[in-house]
Amino acid sequence: MKFFIDTANLAQIKEANELGVLDGVTTNPSLMAKEGIKGDAAVLEHYVAICNLVNGPVSAEVISTEFKGMVEEGKKLAALHKNIVVKVPMIKDGIKAIKWFTENGIKTNCTLVFSAAQALLAAKAGATMVSPFIGRVDDSNWDGVQLIEQIRLIYDNYDYKTEILAASIRNSMHIVRCAEVGADIATCPLSSIVSLFSHPLTDIGLAKFLEDHKKVNG
Ligand code: G3P
């Protein structure tokens, strides 16, 4: 499974990349706002800065909600860097735009997906990736991982090539459960990636090895 980091914070992207397990980045307008980025030019510059940090797909979201605007914005975003994947919301015009981008060789990530029906539409339009928000599904008292499982089954039934990108990850167990049910990618906050390392028995075992090594050396 590929690991993406879900942030627009350059320091966190750098830290995750240095761990050697990072395959890409996802951003969204909320994450850009969190970094205090102001103005369209600054947003575009920030995407380029992210692309220069990571050798992998970087999702950059369109703001328009109608077909023509999405296509214009997406073309501009895609021209910024070869790593850019245009993130498009799951709405009617979004699906039309994804179809257009697919036919014109621009990679897409269909975002704000909360049902298997929506994921099916994204795959039919040729989306490169689909982003089911599993944490927000859990928050609504449904089962986010079960949604991933359902999408996996449907995509495998018809051999759809759209990659399932599990988003809105809240913890390391989400990542492990997504891997169990066959998500292609998990996009995670840095904290969830880092917590994958943790196990108390690793800490206890290492402390004992180091203590015993001291005995070996008198
Ligand atoms: O990639 C989508 C993700 O950023 C949404 O996460 O935590 O806002 O539900 P969250």
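That block above? That's the structure.
Below is a short write-up of the structure. Note that the structure is predicted; figures quoted are calculated from it, not measured.

### Focus: the environment of Glu180
Part 1 of the reasoning: Counting through the fold element by element, Glu180 comes out in helix 9 (residues 172–180).
Part 2 of the reasoning: On the basis of relative accessible area, Glu180 is assigned to the exposed category, the value being 61%.

### A word on the packing of aromatic side chains
Geometry of an aromatic ring pair is reported as the spacing of the ring centres plus the angle between the planes.
Part 1 of the reasoning: This model, assessed by the stated rule, comprises four aromatic pairs.
Part 2 of the reasoning: Here the aromatic rings of Trp100 and Phe101 are separated by 5.7 Å at their centres, their planes lie at 80 degrees, and the arrangement is edge-to-face.
Part 3 of the reasoning: Given a relative accessible area of 0%, Phe101 falls into the buried group.
Part 4 of the reasoning: Consider the rings of Phe114 and Phe133, whose centres lie 5.5 Å apart with planes at 65 degrees: the pair is edge-to-face.

### Concerning the layout of surface pockets
Part 1 of the reasoning: Looking at the largest pocket, its volume works out to about 380 Å³.
Part 2 of the reasoning: Considering the residues around the largest pocket, the lining is formed by 24 residues, among which Asp6, Asn28, Leu31, Arg136 and Ser168 are closest to the centre.
Part 3 of the reasoning: When its residues are assigned to classes, the lining of the largest pocket shows eight nonpolar, ten polar and six charged.
Part 4 of the reasoning: Here the second largest pocket defines a volume of roughly 310 Å³.
Part 5 of the reasoning: What lines the second largest pocket is Pro29, Met32, Asp40, Val43, Leu44, Tyr47, Glu61, Ile63, Glu73, Lys76 and Leu77.
Part 6 of the reasoning: For the lining of the second largest pocket, the secondary structure elements donating two or more residues are helix 2 (29–34), helix 3 (40–53) and helix 4 (67–80).
Part 7 of the reasoning: Residue contributions to the lining of the second largest pocket peak at four residues, all from helix 3.
Part 8 of the reasoning: For the lining of the second largest pocket, a count of residues per class yields seven nonpolar, no polar and four charged.

### Points about the site of the ligand
Part 1 of the reasoning: The full set of residues close to the ligand is Asp6, Asn28, Lys87, Phe133, Arg136, Ala167, Ser168 and Arg170.
Part 2 of the reasoning: Asn28 is positioned such that a nitrogen or oxygen atom in its side chain is 3.0 Å from an oxygen atom of the ligand.
Part 3 of the reasoning: Relative to its free-state accessible area of 310 Å², the ligand is covered by the protein chains to the extent of 79%.
Part 4 of the reasoning: Here the ligand is seated within the largest pocket.
Part 5 of the reasoning: The residue inventory of the shell around the ligand, partitioned by class, reads two nonpolar, two polar and four charged.

### Quick word on the side chain of Asn28
Part 1 of the reasoning: Relative to the elements of secondary structure, Asn28 occurs in the loop between strand 2 (24–26) and helix 2.
Part 2 of the reasoning: At 2.8 Å, the side chain of Asn28 forms a polar contact with the backbone nitrogen of Leu31.
Part 3 of the reasoning: In contact with Asn28, not counting residues within four places along its chain, are Glu61 and Lys87.

### Some words on the pairing of strand 1 (residues 2–6)
Part 1 of the reasoning: Sheet topology note: the strand 1/strand 8 (residues 185–188) ladder contains four bridges and is parallel. Within the sheet, the bridge partner assigned to Phe4 lies in strand 8 and is Thr187.
Part 2 of the reasoning: Where strand 1 lies against strand 2, three bridges are found, and the strand directions are parallel. Residue pairing in the sheet places Phe4 in a bridge with Gly24 of strand 2.
Part 3 of the reasoning: For the segment spanning strand 1, helix 1 (residues 10–18) and strand 2, crossover handedness is right-handed.

### Remarks on helix 6 (residues 116–124)
Part 1 of the reasoning: For helix 6, the full list of buried residues reads Ala116, Ala119, Ala122 and Ala123. One face of helix 6 carries all of its buried residues, which in axial projection span an arc of 115 degrees. Residues Ala117 and Lys124 are exposed on helix 6 and point more than 90 degrees away from its buried face.
Part 2 of the reasoning: The first or second residue beyond helix 6 is Gly126, which carries a positive phi of 90 degrees.

Definitions and limits used
Residues numbered from 1 in each chain as written. Predicted model: local features only at pLDDT ≥ 70, side-chain atom pairs only at ≥ 80, totals over all residues. Heavy atoms only, no water. Helix = DSSP H or I, 4+ residues; strand = E, 2+ residues; numbered from the N terminus. Buried < 20%, exposed > 50% of the residue type's maximum accessible area, 1.4 Å probe, protein only. Phe/Tyr/Trp six-rings, centres within 6.5 Å; stacked < 30°, edge-to-face > 60°. 1 Å grid on protein atoms, 1.4 Å probe; cavity = no way out; pocket = protein on both sides within 12 Å on 5 of 7 lines; lining within 4 Å. Points joined across faces, edges and corners; volume = space filled by probe spheres on them. Nonpolar A, V, L, I, M, F, W, Y, C, P; charged D, E, K, R; others polar. Near = heavy atom within 4 Å. Polar contact = N/O pair within 3.5 Å; in protein donor to acceptor, adjacent residues only side chain to side chain. Areas by Shrake-Rupley, 256 points an atom, 1.4 Å probe, with all protein chains shown as cover. Sits in = over half its atoms within 2 Å of the grid points. Contact = heavy atoms within 4.5 Å. Pairing = 2+ DSSP bridges. Right-handed = clockwise from strand over helix to strand, strands pointing away. Arc of directions from axis to C-beta.

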